[in-house]
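The chain contents come next:
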Amino acid sequence: MGALRPRGTGVARDADPVVVGERAEGVLGRSYRALSVGIVSVVLLIAFEAMAVGTAMPVAARELDGVSAYGFVFSAYFTTSLFGMVLSGQWSDLRGPLGPLTTGIAAFAAGLLLSGTAGAMWLFILGRAVQGLGGGLVIVALYVVVGRAYPERLRPSIMAGFAASWIIPSVVGPLAAGAVTEQLGWRWVFVGIPVLVVLPLALALPQIRRRASGPVGGGPAPGPDSRAADAPSSASPSTDGSRSRAHPGAPPAPASASTPAPSSAPAPPSPSPSFDRRRIRLALGISVGAGLLQYAAQDPRWLSVVPAAVGVALLVPAVLGLLPRGTYRAVRGLPSVVLLRGVAAGSFIAAESFVPLMLVTQRGLSPTLAGFSLAAGGGAWALGSWVQARARVEPYRERLMTTGMVVVAAAIVTVPSVLIETVPVWTVAVAWAFGCFGMGLVISSTSVLLLKLSAPEAAGTNSASLQISDGLSNALLLAAGGAAFAALGGGAAGHTVTTASGSGSHPAAFVAVFLPMAAVALVGAWVTTRLRER
């Protein structure tokens, strides 16, 4: 029986007497089925939106006469989502994930409707900003739901479910969106998705209200696997939100909620927790700073140095204040988990963004064939997530993540080999499938480890840090890769996309992207050796 007890590292608890009969259940067992189907369906719809909207976006921009502002369609989403992540983290920690989740889904749907009915480009961009705020609220709240509602043994499986929910949208999404855009118009791609959210919400919300609502240690019980009774009153989160042991000599916690208090005098009511205004200001700083940097990058003039400098001045202190202390020094434990998420996601996404362009401009493939070269990646990613969810690999999770990052680095460094004419083009598809498998091992595992290392009352804040690290690394490494690409003659590639040859761009421009990203992935392999706290 003792083997089933958690090792003091999660939020939900297997040993609760209420769920003695639920211990053998999986995420699709009777107790968890509605919640699992509901929240995975929410992720499925978000994934479908991400894949489908990207297909319809060029048509929308052209019809709204806003091609010149095309970049702001994406940056508006990104900048507001950063603020939403931080807000959702605090909101979830203070009052539970139900509020930010429902508000986020409502904002996400409202943003889609606003963009889908926009008559001008500025309204379209405004809709994307509202949608980004909702997306940031939702993704962090879902992590908190997983931490509160599922015991530690089931979290790898539900994270694998999140990853698997991207498979069908990655294949069907662009094709379906293209057909809808051609037959019905681009607006239906935006206005049709909100209606589909009703069913997953109807399944998930009652379960979230029962299992994960309210603040930690108060309000509605977090569900049958609650760990609130296990946490000693003298234990407190460390300054970075990770778990820390009780101070020596601290008074022991009551054995149970039913133990009578030593004094009959009623305890004074504890003050209601409030939002950390400093973190809210930092969240605004990171959003505005990232927005200014992206504006400067999209308007390359000398005057753009001013918004770029202001953006850096806002962004740097905000990042240092919002991420766990020691993140960029790879301090052992939680800081290294957050750093690894950014290193892995940033290096992989930055490299992947240039794969279709290289195949089109250097090997003469059509855009459709170039896109299909990455099609197997969704299934391989889900397979990696499934492997890390197996109970038998749990003792070897850190080694598995090291292997995953080495595989990712090998895949990235293999891809530019097709710049040599004698190397078959299918090499890219094979290498990228292996790379996606490695990412499936790593990304889902960072989510599992983050919840394992987080104190219950800091799960939302730390989940927000994980997502911020992911998003910022994507943006910064994409910008660095784009700068290297342009500096070595890649800027001419855009003039050769429609031709069968890539004579307008130098192959070295692609090498200058892939090799540094492979080196960043190898740095991630080193970071995996610092995930375990000593």
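Up top is the structure these notes are about.
Residues numbered from 1 in each chain as written. Predicted model: local features only at pLDDT ≥ 70, side-chain atom pairs only at ≥ 80, totals over all residues. Heavy atoms only, no water.

> Please explain the overall build of the protein chain as it appears in this structure.
Along the protein chain, the regular secondary structure elements total 19 helices and zero strands. A total of 534 residues make up the protein chain; the buried ones form 52% of that total. Element-wise, carbon and sulfur atoms account for 69% of the exposed surface of the protein chain, whose accessible area totals about 23,500 Å². (Helix = DSSP H or I, 4+ residues; strand = E, 2+ residues; numbered from the N terminus. Buried < 20%, exposed > 50% of the residue type's maximum accessible area, 1.4 Å probe, protein only. Areas by Shrake-Rupley, 256 points an atom, 1.4 Å probe, with all protein chains shown as cover.)

> Looking at this model, I keep getting lost on the nonpolar core. Mind explaining?
Nonpolar side chains in soluble globular proteins tend to end up buried together. If you look at the biggest cluster of nonpolar residues, it comprises 107 residues, and the most contacted ones within it are Ile-39, Tyr-150, Ile-208, Ile-286, Ile-412, Ile-468 and Phe-514. At 13 residues, the largest contribution of residues to this core is made by helix α17 (residues 426-453). Formed by 22 residues, the second largest nonpolar core is a distinct cluster that contains Ala-52, Met-57, Ala-76 and Trp-186. (Core = buried A, V, L, I, M, F, W, Y, C linked by side-chain atoms within 4.5 Å.)

> Can you walk me through helix α19 (residues 507-527) in this structure?
Side chains of residues three or four places apart in an α-helix project in the same direction, reflecting 3.6 residues per turn. For α19, with 21 residues, the first-to-last C-alpha span of 31 Å sits near the 30 Å given by 1.5 Å per residue. Among all positions in α19, only Ala-509, Phe-510, Ala-512, Val-513, Phe-514, Met-517, Ala-518, Ala-521, Gly-524, Ala-525 and Val-527 are buried. In this structure, the buried residues of α19 make contact with α12 (334-352), α13 (355-363), α16 (397-414) and α18 (459-487). (Expected span 1.5 Å × (residues − 1). Contact = heavy atoms within 4.5 Å.)

> Could you clarify how one ought to interpret the side chain of Thr-327 in this entry?
The topology assignment puts Thr-327 in the loop between α11 (305-322) and α12. Within the structure, the side chain of Thr-327 is placed 2.5 Å from the backbone oxygen of Pro-324, a separation counted as a polar contact. When residues no more than four places from it in sequence are discounted, the contact partners of Thr-327 are Pro-335, Val-338 and Leu-339. (Polar contact = N/O pair within 3.5 Å; in protein donor to acceptor, adjacent residues only side chain to side chain.)

> Just checking my understanding: could you explain the packing of α18 against α19 for this structure?
A packed helix pair is summarised by two numbers, namely the angle formed by the two axes and the spacing between the axes. The interhelical angle for the contact between α18 and α19, taken along N-to-C directions, is 145°, at an axis separation of 8 Å. For the element pair α18 and α19, the recorded crossing hand is right-handed. Residues Leu-477, Gly-481, Ala-484 and Phe-485 of α18 touch α19, and the partners they reach there are Ala-509, Phe-510, Ala-512, Val-513, Met-517 and Val-520. Counted by class, the contact of α18 with α19 contains nine nonpolar, one polar and no charged residues. (Axes fitted to C-alpha atoms, helices over the stretch in contact; angles between N-to-C directions. Left-handed = near helix turned anticlockwise from the far one by under 90°. Nonpolar A, V, L, I, M, F, W, Y, C, P; charged D, E, K, R; others polar.)

> Honestly, the packing of aromatic side chains in this entry has me stumped. Any pointers?
The relative placement of two aromatic rings is captured by the distance of their centres and the angle of their planes. Per the stated rule, a full pass over the model turns up eight aromatic pairs. Between Phe-124 and Trp-186, the ring centres sit 5.8 Å apart and the planes meet at 70°, which makes this aromatic pair edge-to-face. Taken together, the positions of Phe-124 in helix α4 (residues 121-149) and Trp-186 in the loop between α6 (167-183) and α7 (187-191) put the pair 62 residues apart, joining distant regions of the chain. Phe-124 sits in the buried class, given a relative accessible area of 1%. Among the residues examined, Trp-186 registers a relative accessible area of 2% and is labelled buried. Each ring, one from Phe-354 and one from Phe-485, has its centre 5.1 Å from the other, and the planes form 55°; the classification is tilted. Of this pair, Phe-354 sits in the loop between α12 and α13 while Phe-485 sits in helix α18, and the two are 131 residues apart along the sequence. (Phe/Tyr/Trp six-rings, centres within 6.5 Å; stacked < 30°, edge-to-face > 60°.)

> How should unusual backbone geometry be read in this particular structure?
Negative phi characterises most residues that are not glycine, and trans characterises most peptide bonds. Look at Ala-330: it is not a glycine, yet its phi comes out positive at around 55°. Within the secondary structure layout, Ala-330 lies in the loop between α11 and α12. Judged by its relative accessible area of 2%, Ala-330 is buried.

> Just to check I follow, could you spell out the packing of α16 against α19 for this structure?
Between α16 and α19, the least distance of the axes is 8 Å, while the angle of their chain directions is 170°. The orientation of α16 with respect to α19, classified from their angle, is roughly antiparallel. Judged by residue contacts, Thr-402, Met-405, Val-406, Val-408, Ala-409, Ile-412 and Val-413 of α16 engage Phe-514, Leu-515, Met-517, Ala-518, Ala-521, Leu-522, Gly-524 and Ala-525 from α19. Considered class by class, the residues forming the contact of α16 with α19 number 13 nonpolar, two polar and no charged. (Parallel < 35°, antiparallel > 145°, perpendicular 65-115°, else oblique.)

> For this particular structure, what's the right way to read the pattern of salt bridges?
Side chains that differ in charge, positive against negative, can pair when their charged atoms come close. Taken as a whole, this structure holds seven salt bridges when the rule is applied. In this structure, the salt-bridge partner of Arg-363 is Glu-421, at a minimum N-O distance of 3.7 Å. With Arg-363 in helix α13 and Glu-421 in the loop between α16 and α17, this pair connects stretches of sequence that are 58 residues apart. Residue class for Glu-421 comes out exposed when judged on its relative accessible area of 57%. Across the pair Glu-398 and Arg-532 runs a salt bridge, and its minimum N-O distance is 2.8 Å. With Glu-398 in helix α16 and Arg-532 in the segment after α19, the pair connects residues that are 134 residues apart, well separated along the chain. For Glu-398, a relative accessible area of 14% gives the class buried. According to the relative accessible area criterion, Arg-532 is partly exposed, its value standing at 49%. Overlapping salt bridges bring together Glu-394, Arg-397 and Lys-452 as one network. (Salt bridge = Lys/Arg side-chain N within 4 Å of Asp/Glu carboxyl O.)

> Would you take a moment to explain the environment of Gly-460 for this structure?
Mapped onto the elements, Gly-460 comes out in helix α18. On the basis of relative accessible area, Gly-460 is assigned to the buried category, the value being 0%. Sequence-wise, Gly-460 and Ser-88 are 372 residues apart; in three dimensions their C-alpha atoms are separated by 7.0 Å. Look past the residues within four positions of Gly-460 in its chain and what remains in contact with it is Gly-89, Asp-93, Val-140 and Val-144.

> Teacher, can you tell me more about the environment of Ser-88 here?
Turning to its location among the elements, Ser-88 is positioned in helix α2 (residues 70-95). Separated by 56 residues in the primary sequence, Ser-88 and Val-144 have C-alpha atoms spaced 9.6 Å apart.

> Could you clarify how one ought to interpret a nonpolar patch on the surface in this entry?
Together, Leu-28, Val-37, Leu-199 and Leu-203 make up a nonpolar patch on the protein surface, roughly 350 Å² of accessible area in all. Among the secondary structure elements, Leu-199 is positioned in helix α9 (residues 198-211). (Patch = residues over 30% accessible without salt bridge, like charges linked within 9 Å, V, L, I, M, F, W, Y side chains within 5 Å.)

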